[in-house]
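A structural walkthrough
Chain residues, written in single-letter form:
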Amino acid sequence: MYYEQLTSGVNIFLYPIRPSHSIAISLYTRYGSAFEERQSIGITHLLEHMFFRRLGKMTQGELYQSMEEIGGTLNAVTYKSMIRFSMKVRPQYLEKCLQFFKEIVVCDGWSQSELESERKIVLNELNEKNSYMDIDRIFDEFSFKGSPIAYPTIGTVESIMNITIEDINALKKTLFSVGDVNLVVAGKVEDESKDIIIDTFKNVNLDSHPKIEIPKPLHMYKRKPDIKLIDTSWEFVDIKIGFDVNLEDNIREYEVKFLNSILGGGIGSILQREIREKLGLSSNIYSEFVILDNLVQLRINFSVDKADIYRSISAVITIINNMKQGIEKRFYDSNIIFFTDNLWFNLENPEWINEDICWHNTLYSDNTYSLKNKIKNYSEITLQSLVELSKKIFEPNNTTIVIMGNTKKITIKEIKNIVNKNDIIKQIEVKNASKETKNLDLLIKDSIPALIKNSDSNEQFNPEITLNDKISAPIDENEVLGKVKYEINGIEYTSDLIASHNVEKSKLLNYIF
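Residues numbered from 1 in each chain as written. Predicted model: local features only at pLDDT ≥ 70, side-chain atom pairs only at ≥ 80, totals over all residues. Heavy atoms only, no water.

**A short note on the overall build of the protein chain**
When you go through the protein chain residue by residue, the secondary structure sums to 16 helices and 18 strands. Here the protein chain, with 513 residues, has 54% of them falling under the buried criterion. Contacts in the protein chain between residues at least 24 apart in sequence constitute 78% of all its contacts with a sequence separation of at least 6. When the accessible surface of the protein chain is summed, it comes to about 23,800 Å², and 47% of that surface belongs to carbon and sulfur atoms. (Helix = DSSP H or I, 4+ residues; strand = E, 2+ residues; numbered from the N terminus. Buried < 20%, exposed > 50% of the residue type's maximum accessible area, 1.4 Å probe, protein only. Contact = heavy atoms within 4.5 Å. Areas by Shrake-Rupley, 256 points an atom, 1.4 Å probe, with all protein chains shown as cover.)

**Here's the deal with the packing of helix 1 (residues 43-53) against helix 4 (residues 112-130)**
Angle between the axes and distance between the axes are the two parameters that describe a pair of packed helices. Where helix 1 contacts helix 4, the two axes come as close as 9 Å, and the packing angle between them is 125°. The angle between helix 1 and helix 4 places the two elements in the oblique class. Both helix 1 and helix 4 take part in a crossing whose hand is right-handed. Facing helix 1, whose interface residues are H45, L46, H49, M50 and R53, helix 4 presents E114, L115, S117, E118, R119, I121, V122 and E125. (Axes fitted to C-alpha atoms, helices over the stretch in contact; angles between N-to-C directions. Parallel < 35°, antiparallel > 145°, perpendicular 65-115°, else oblique. Left-handed = near helix turned anticlockwise from the far one by under 90°.)

**Section: the confidence of the model for the protein chain**
With 84% of its residues at a pLDDT of at least 70, the protein chain reaches an overall mean of 85. Counting interchain partners and residues more than four positions distant, the pLDDT-below-50 stretch residues 422-461 has 114 contacts. Confidence over residues 505-513 falls short of pLDDT 50; this stretch has 30 contacts with residues more than four positions distant or in other chains. (pLDDT = per-residue confidence, 0-100.)

**Topic: the environment of N75**
Tracing the backbone shows N75 in strand 6 (residues 75-78). Considering only alpha carbons, one finds N75 and F52, 23 residues apart in sequence, at a separation of 9.7 Å. Once residues within four sequence positions are removed from consideration, N75 is found in contact with F52, R84, F85 and S86.

**Some points on helix 3 (residues 94-106)**
Taking 1.5 Å of rise per residue, the 13 residues of helix 3 would be expected to cover 18 Å, and the 19 Å separating its terminal C-alpha atoms lies within 8% of that figure. Among the residues making up helix 3, those that are buried are L94, C97, L98, F100, F101, I104 and V105. The buried residues of helix 3 all sit within an arc of 145° when viewed along its axis, so they share a single face. (Expected span 1.5 Å × (residues − 1). Arc of directions from axis to C-beta.)

**Topic: the sheet that holds strand 7 (residues 83-89)**
Pairing within the open sheet is mixed, and its 6 strands lie in the order 1-2-8-3-7-6. Bordering the open sheet on either side are strand 1 (2-5) and strand 6, each of which pairs with just one other strand. On average, each strand axis in the sheet is tilted by 15° relative to the strand beside it, whichever way the strands run. Sheet topology note: the strand 2 (residues 10-16)/strand 8 (residues 181-187) ladder contains 7 bridges and is parallel. By the bridge assignment for strand 8, Y15 is matched with A186. Packed on one face of the sheet, helix 8 (residues 191-201) meets strand 1, strand 2 and strand 8 and runs near 165° to strand 2. (Pairing = 2+ DSSP bridges.)

**Some words on the side chain of S287**
Looking at where S287 falls in the secondary structure, it is placed in strand 11 (residues 285-292). Judged by its relative accessible area of 6%, S287 falls in the buried class. Engagement of the side chain of S287 in a polar contact is seen with the side chain of N260, the distance being 2.6 Å. S287 has contacts with N260, L263, G264, G265, L271, L298, R299 and I300, leaving out every residue within four places of it along the chain. (Polar contact = N/O pair within 3.5 Å; in protein donor to acceptor, adjacent residues only side chain to side chain.)

**Quick look at the environment of F51**
Residue position: F51 is located in helix 1. Sequence-wise, F51 and C107 are 56 residues apart; in three dimensions their C-alpha atoms are separated by 8.6 Å. Sequence-distant contacts of F51, that is, excluding residues within four places in its chain, are made with L63, F85, I104, C107, W110, K172 and F176.

**A few points about the environment of E141**
Tracing the backbone shows E141 in helix 5 (residues 135-143). Classification of E141 as partly exposed rests on a relative accessible area of 31%. Taking the C-alpha atoms as reference points, E141 and Y151, separated by 10 residues in sequence, lie 6.5 Å from one another. In this structure, E141 is in contact with A150 and P152, ignoring residues within four places of it in sequence.

**With respect to the packing of aromatic side chains**
For the coordinates displayed, the defined rule picks out 12 aromatic pairs. Here the aromatic rings of Y3 and F13 are separated by 5.0 Å at their centres, their planes lie at 45°, and the arrangement is tilted. Note that Y3 is positioned in strand 1 and F13 in strand 2, a separation of 10 residues in sequence. Relative to F85, the ring of F51 has its centre 5.2 Å away and its plane inclined at 80°; by these criteria the two rings are edge-to-face. With F51 in helix 1 and F85 in strand 7, this residue pair connects regions lying 34 residues apart in the sequence. Here F51 matches F85 in class, with each residue buried. Of the aromatic side chains, those joined through ring pairs into one cluster are Y254, F258, Y332, F339 and Y378. The positively charged end of K240 is found above the aromatic ring belonging to F139, 6.0 Å away from the centroid. Its end group placed over the ring of Y364, R252 keeps NZ or CZ at 4.2 Å from the ring centre. (Phe/Tyr/Trp six-rings, centres within 6.5 Å; stacked < 30°, edge-to-face > 60°. Lys NZ or Arg CZ within 6 Å of the ring centre and 35° of its normal.)

So, in C-alpha cells, the structure goes:
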C-alpha cells in the first residue's frame, strides 16, 4: 500500500490490485455521534444528508445524473466514530469520480431552505425508527451510559429540531480539517492514476482543528454485571449479551474477530451447535464483533421463549466459561481457512479492501495495511492464545445484558447469580447441626447451566455432592466445604462448594453430610 500526506493535509492511501477491472474510492473522516454534544446529537448524520441536497454547484438532480453517467452511485454512511463516502467505478472514470470527493471536501455554505428540506427527511426517518423498539439502540444507550458513544447516530427529534444552518456549516469545516481527511483508493491503480489522485487533492484548502478523543464510560471493565429488563407484551424475548474488549490489555482486534467466528459466527459455530441444534432453545443465535472507535465489544444475540430465559442465559455462560478452559481443535480447524486462504478472495473485491483499510487505520492509526500481513496475523493465532483471550473477555466485570420481552417474574438478581457463577444448591441437610444451621445453603463456585428453572429444586440437575470429611465451625462465608459433580450434555464437571454465610462456632458442632 502507498501512503502519503499531501501538503494540503489530505491523507492518501492507494492499494493497487492487479488484475482488476474496477476502482473503489472512499473518503472518510473520524467523526460521528460519539463526538457530538448532547444538544446536537445527530448533526453528523444530518450533515451527511446535506451533501446529497447540493454538492458544490451541483443540484441534487445534477448530482444523480452525473453519477449515473459514469455507472456508479455515491454512497454515504455515518457511524458513531466515522463518516464515510464511497463509490465504485471502472478505471476510465476515475478522474470524473474524484471530482465528487473533492467537492465533498471543499464545498460549504448551504442555505436555510436546503437544511429544512433535509431536516424533514431525517425527522421522517426518526419517526419510522421510533415506531418500534430497537434492542441495539437500547443496548448502546445502556451499555455506554455516561459517554457520548451512547447517543443514537440519527439523533432525537428534539436535537434535530435544534440544529441551525450555522451549526451545519461550522461542523463541515471542523470535520474536513488538516490531517483528518482520508482518501482511500483500491483496485486498478496505475502510476497515472496516482498522479491524477494527488493532483486533484494537493491544493485543497483545509482548516486546522485540535484532535478530539471519545471519553470511555467510567464503568467499562468494571461492570457488576450490568443488566436491564424491558417488559413488553411479547411472548418471545430478545436477549443481547455484550462483553467489553479492552484493546489496551494486549488484545488485537483480529484475535477477537477469530474468536467471534468460533463462538457464533456461522452455522457450525459453538453457539449454533449447542443452543440451536442440541438444546433447541433458539432458532437463531449468533455473535458479532462491534467496533465503536477505540471501544470494542463482542455481542451475543438470540431470541427465546420466556420460559427458557434463565436456562438459555445459563447455557450461554457455560459455553463461554468452557472456552476459558479449552477450545476444541475442530472449531479452530473449521474457521482458520476463512481467515487465511479465503481472505485472498478479497483481491477480487476492491470495495472490501477499501473498507478494511478505513477501519484498520481508524482503529490503529496505522498507514501500513497489507492483506498479506493480515493473513499472517491470523495464521499465528493458536488455540492457547484464544483460550487466554477468552479469559480476558468473558468476565462478569465486562458483561452487559439487555432482555426485552415478557420479563415478568424475571429478576436481575437471578441473572447476576448465573453470570457471576453463583448458582445455589438450596436446602442441603446437615447432620448434627443446630436448628439455625440445619439447612445451610451452599454455593457452587463455577456456573451450573440452569437446567434447574428454580434455584430451590435439584431434581432436574441431580448433582453428586461430597462435603469434606470433617467440617467444623466457625465457618467463614465463601469457605470451600466440598465438591459437586454434575453432568451437562454428556460432559461431566466438578466444582467447589462454598458456604453461603458465616456460621459461629457456638451454633454448629462437627458434622458430616
